[in-house]
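Descriptive analysis of the structure
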Amino acid sequence: MITPETAYIGCRFFFDIAALYLWGSSAYLWLLVSASLSGNIWTRQYWFQAIAIGCTIAATTLALPFRSAILSEDWARASDFNAMLDILSGTTIGTAWMCQAAGTAAIFLAYIAAPLRLRAATMTIAAGFLLTSLAASGHAAMNTGWLGALHRGNDIVHVLAGGAWVGALIPVAFILPRLSDRRTGRDAAKALVRFSTAGHVAVGVVLISGVANMFLIIGGLPLDWSVEYQFLLCLKILLVLSMTGLAIFNRYVLVPKLSGRHGAVAALRIGTVVEIVLALAVVGLVAWFGTLEPVAV
Ligand code: HEM
């Protein structure tokens, strides 16, 4: 039988993926893509957004019952409203859940109520708030005082930079075929150059804030592989370095070939899809090890 812990890791995975995508794709379309192309790509992502918002609502709704079952090591507590009320009224887990629920309501409202021309802007702000709610729980909340504030601040910078990189990969995959279109080709080329420029900053910030997270939580390098957390963190770092290598290849080998051979667009699209798959594995790993003890006890 699936344990409450495993069910909760599943919730974290779907929530993190959805929030990273909604923030990163909206921020990119709002800030770095021309209005006409942005509106076109926004509409083409309709199903991705609908699924992401569905995942966020489901993951947030289920997270509280799963936490209740984890805390009392009993699935029966997943339907015990008094136990959940106790969590909500008196624990940091409860406060973090309420932040997450407020963020989920905000993205839902942005999706159904914002005028089309303001959708990307409002979704960026709502999804950004949703992502910052991650810093209210987990290891980011393990320190107090100035160190606690520094840790939470770093975690927020980490997930926003990570989302700016991996969340924008989906609209980029939609924009690539527009390069060969006479009407949108110029805007598409500009949007890709801007992604790659902003991408350098996002990759740099996510790597530095990731290392800072590591030192804040483990106090050093993850070299004790008898501790599952540290082994899984090393796997994550390996995958992120592979993604970085692929991003550099895409940018410096394939992009220069875009104006010449048509095969370069197809190759770049495959490279982007491979990066998306690696990003799914990266978030899967952190959804898992973020629930484990970081050092030997
Ligand atoms: C594509 C790049 C990356 C993405 C998308 C990403 C994403 C994330 C996410 C979503 C979290 C969870 C935040 C939470 O629940 O509070 C996280 C936490 C973390 N990340 Fe990353 N990350 C990336 C790269 C890195 C790198 C390169 C490192 C290390 C050098 C790193 C180290 C960490 C650590 C130590 C945590 C804290 C986990 C915990 O709560 O114990 N990350 N990351």
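Our subject is the structure listed above.
**Quick notes on the pattern of salt bridges**
Enumeration over the complete set of coordinates arrives at two salt bridges. Two residues, Asp-80 and Arg-77, come together in a salt bridge whose shortest N-O distance is 3.5 Å. Overall, Arg-77 belongs to the partly exposed group, its relative accessible area being 35%. Here Asp-181 and Arg-183 are joined by a salt bridge, their closest N and O atoms 3.5 Å apart. Overall, the relative accessible area of 71% leaves Arg-183 in the exposed class.

**Regarding unusual backbone geometry**
Note on backbone geometry: most residues besides glycine have negative phi, and most peptide bonds are trans. With phi around 45°, Glu-73 is a residue other than glycine that occupies positive phi space. By the secondary structure assignment, Glu-73 is in the loop between helix H3 (46-71) and helix H4 (81-90).

**A look at the packing of aromatic side chains**
Tallied over the full model, the rule gives eight aromatic pairs. Seen from their ring centres, Tyr-28 and Phe-195 are 5.7 Å apart, and the 70° between their planes marks the pair as edge-to-face. With Tyr-28 in helix H1 (residues 4-31) and Phe-195 in helix H9 (residues 185-217), the pair connects residues that are 167 residues apart, well separated along the chain. For the pair formed by Tyr-28 and Phe-195, the shared burial category is buried. On the numbers, 4.9 Å between centres and 75° between planes, the contact of Tyr-229 with Phe-289 is edge-to-face.

**Considering the nonpolar core**
The biggest cluster of nonpolar side chains holds 63 residues, and the ones touching the most others in it are Leu-22, Tyr-28, Ile-107, Met-123, Trp-165 and Ile-175. When residues of this core are assigned to their parent elements, the largest contribution, 13 residues, is made by H1. Apart from the residues lying within four places of it in its own chain, the contact partners of Tyr-28 are Val-33, Ala-168, Pro-171, Val-172, Ile-175, Ala-191, Leu-192 and Phe-195. Counting residues in hydrophobic clusters, the runner-up holds nine residues, among them Met-214, Leu-233, Leu-285 and Phe-289.

**Details of the site of the ligand**
His-139, Asp-155, His-158, Tyr-229 and Lys-236 are the nearest of the 25 residues found near the ligand. Between Asp-155 and the ligand, the recorded distance is 2.8 Å, taken from a side-chain N or O atom to an oxygen atom. When residues of the shell around the ligand are traced back to their parent elements, those giving at least two are H1, helix H7 (145-166), H9, helix H10 (228-254) and helix H11 (263-289). It is H9 that provides the largest number of residues to the shell around the ligand, a total of seven residues. Partitioning the shell around the ligand into residue classes produces 15 nonpolar, six polar and four charged.

Scoring rules and cut-offs
- Residues numbered from 1 in each chain as written.
- Predicted model: local features only at pLDDT ≥ 70, side-chain atom pairs only at ≥ 80, totals over all residues.
- Heavy atoms only, no water.
- Salt bridge = Lys/Arg side-chain N within 4 Å of Asp/Glu carboxyl O.
- Buried < 20%, exposed > 50% of the residue type's maximum accessible area, 1.4 Å probe, protein only.
- Helix = DSSP H or I, 4+ residues; strand = E, 2+ residues; numbered from the N terminus.
- Phe/Tyr/Trp six-rings, centres within 6.5 Å; stacked < 30°, edge-to-face > 60°.
- Core = buried A, V, L, I, M, F, W, Y, C linked by side-chain atoms within 4.5 Å.
- Contact = heavy atoms within 4.5 Å.
- Near = heavy atom within 4 Å.
- Polar contact = N/O pair within 3.5 Å; in protein donor to acceptor, adjacent residues only side chain to side chain.
- Nonpolar A, V, L, I, M, F, W, Y, C, P; charged D, E, K, R; others polar.

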